[in-house]
Amino acid sequence: KMMPPLKIYKPGPSGFHAVSNTTISFKEANNQLNDPRFGLIDRVIPGSGDYKLRIKGIKLYGSGGQVIAEVKIQYNPIINLGSKPAHMTVYFRGVPQYNPKKELFTLRHLDFDMKTGDLLMQVANWIFKSDILKVLQKKARIPIGPKLDQLKGRMNEVLNLPVGMHSRLQTQVQSFRVLDAFVDKDGIQAQISLDGDAQLNLLCR
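Along every chain, residues carry numbers that run from 1 in the direction the sequence is written. Totals for whole chains, interfaces and linings use all residues, but because this is a predicted model, local features are given only for residues with pLDDT of at least 70 and pairs of side-chain atoms are given and counted only at 80 or more. Based on all heavy atoms of the structure, the side-chain values leave hydrogens and waters out of the count.

(A) Structural context of the overall build of the protein chain. Working definition: helices are DSSP H or I runs of at least four residues, strands are E runs of at least two. Numbering for both runs from the N terminus. Assigned secondary structure in the protein chain consists of five helices and nine strands. Each helix (α) and strand (β) of the protein chain, taken in turn from the N terminus, gives the series β-α-β-β-β-β-α-α-α-β-α-β-β-β. Here the term buried applies to any residue with accessible area under 20% of the maximum for its type, exposed to any over 50%, and partly exposed to those in between, with areas from a 1.4 Å probe on protein chains only. The 205 residues of the protein chain split such that 39% are buried. When checking whether two residues touch, look at their non-hydrogen atoms; a contact exists if any pair is within 4.5 Å. Nonlocal contacts in the protein chain, meaning residues at least 24 apart in sequence, comprise 57% of its contacts between residues at least 6 apart. Element-wise, carbon and sulfur atoms account for 54% of the exposed surface of the protein chain, whose accessible area totals about 13,200 Å². Exposure was quantified through the Shrake-Rupley algorithm and a 1.4 Å probe, taking into account, for residues, occlusion by the shown protein chains and nothing else.

Next up, the structure:
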């Protein structure tokens, strides 16, 4: 067959752009949040006064596109006949917000409801005056950095491979960007944009 006419070689762009998804599971986040070393469990909440409100446990899950934080709380009741602390469960609802500098999701637009057997607690408003919302917004965070490192390693593995018999693709992921995210029952599904360098090498026998 007739060969195409010779032309001056014009190199194309050296980089590549790809989009992939990753999941940050609530199971992973819950294990971290309930670790006493994380600084959220068993600490007295500022602003709770003589109630000495403490978070004893936290469980994140998804519902209706929002993150639900089921928080187990211990406090000193107003009338303490048994000399033992009382307990209640507070359900916080929030929307995940990504912080690109710290590579983590935090919760914003928090509001809450409560369930407790203490009738006095049902009409008290002291919890609104404590700093529990500030503590949760600061501490209840879902890191994505390790997931990005895993995704980077996986993409570098997948994109460095032979292409046919006489060529090989070599790539290196350089940067990430979270494009979008939504909540399902298992965790936060994040869409990640990846950019990097790519080169196709021709092999000689």
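Now that the structure has been shown, we can carry on.
(B) Structural detail: the sheet that holds strand β7 (residues 161–162). When DSSP finds two or more bridges between two strands, those strands count as paired. Pairing is antiparallel in the open sheet, where four strands are placed in the order β1-β9-β8-β7. The outermost strands of the open sheet, each flanked by one partner alone, are β1 (15–25) and β7. Of the pairings in the sheet, the one linking β1 to strand β9 (residues 187–202) comprises 11 bridges and is antiparallel in character. Paired with Ser25 across the two strands is Gly187, which belongs to β9. Contacts between helix α5 (residues 145–158) and the sheet are confined to β1, β7, β8 (167–183) and β9, with β8 contributing the most and set at about 150 degrees to the helix. Here the axes come from fitting lines to C-alpha atoms, over the contacting stretch only for helices, and the angles between their N-to-C directions go from 0 to 180 degrees.

(C) Structural context of the confidence of the model for the protein chain. Per-residue confidence from the prediction method is given by pLDDT, with values spanning 0 to 100. Of all residues in the protein chain, 90% have pLDDT values of 70 or greater, and the mean over the chain is 81. When the elements of the protein chain are averaged for pLDDT, helix α2 (residues 119–123) gives the smallest value, 52, and strand β2 (residues 54–63) the largest, 92.

(D) Local environment of α5. With 14 residues, α5 should reach 20 Å at 1.5 Å per residue; the first-to-last C-alpha distance of 20 Å fits that figure. On its buried face, α5 sits against β1, α1 (26–33), β4 (86–99), β6 (142–143), β8 and β9. One less than the residue count of a helix, multiplied by 1.5 Å, gives the span that helix is expected to have.

(E) Focus on the packing of aromatic side chains. In summary, the pairing rule links any two rings of Phe, Tyr or Trp, Trp by its six-membered ring, whose centres are within 6.5 Å, and it sorts them by plane angle into stacked for under 30 degrees, edge-to-face for over 60 and tilted for everything else. The full count for this structure, using the stated rule, is one aromatic pair. Ring geometry for Tyr98 against Phe105: centres 5.2 Å apart, planes inclined by 50 degrees, an arrangement best described as tilted.

(F) View of the nonpolar core. If you look at the biggest cluster of nonpolar residues, it comprises 46 residues, and the most contacted ones within it are Leu60, Phe92 and Leu136. Among the elements that make up this core, the one with the highest residue count is strand β3 (residues 66–75) (five residues). When near neighbours in sequence (up to four residues on either side) are disregarded, Leu60 contacts Phe26, Ala29, Asn30, Leu33, Val67, Ile68, Ala69 and Ile142. Here, nonpolar core refers to any group of buried Ala, Val, Leu, Ile, Met, Phe, Trp, Tyr and Cys residues whose side-chain atoms link them within 4.5 Å.

(G) Layout of the pattern of salt bridges. Here a salt bridge means any side-chain nitrogen of Lys or Arg lying within 4 Å of a carboxyl oxygen belonging to Asp or Glu. On inspection of all chains with the given rule, the structure shows five salt bridges. Here Arg154 and Glu157 are joined by a salt bridge, their closest N and O atoms 3.4 Å apart. Of this pair, Arg154 and Glu157 both sit in helix α5, three residues apart, roughly one helical turn.

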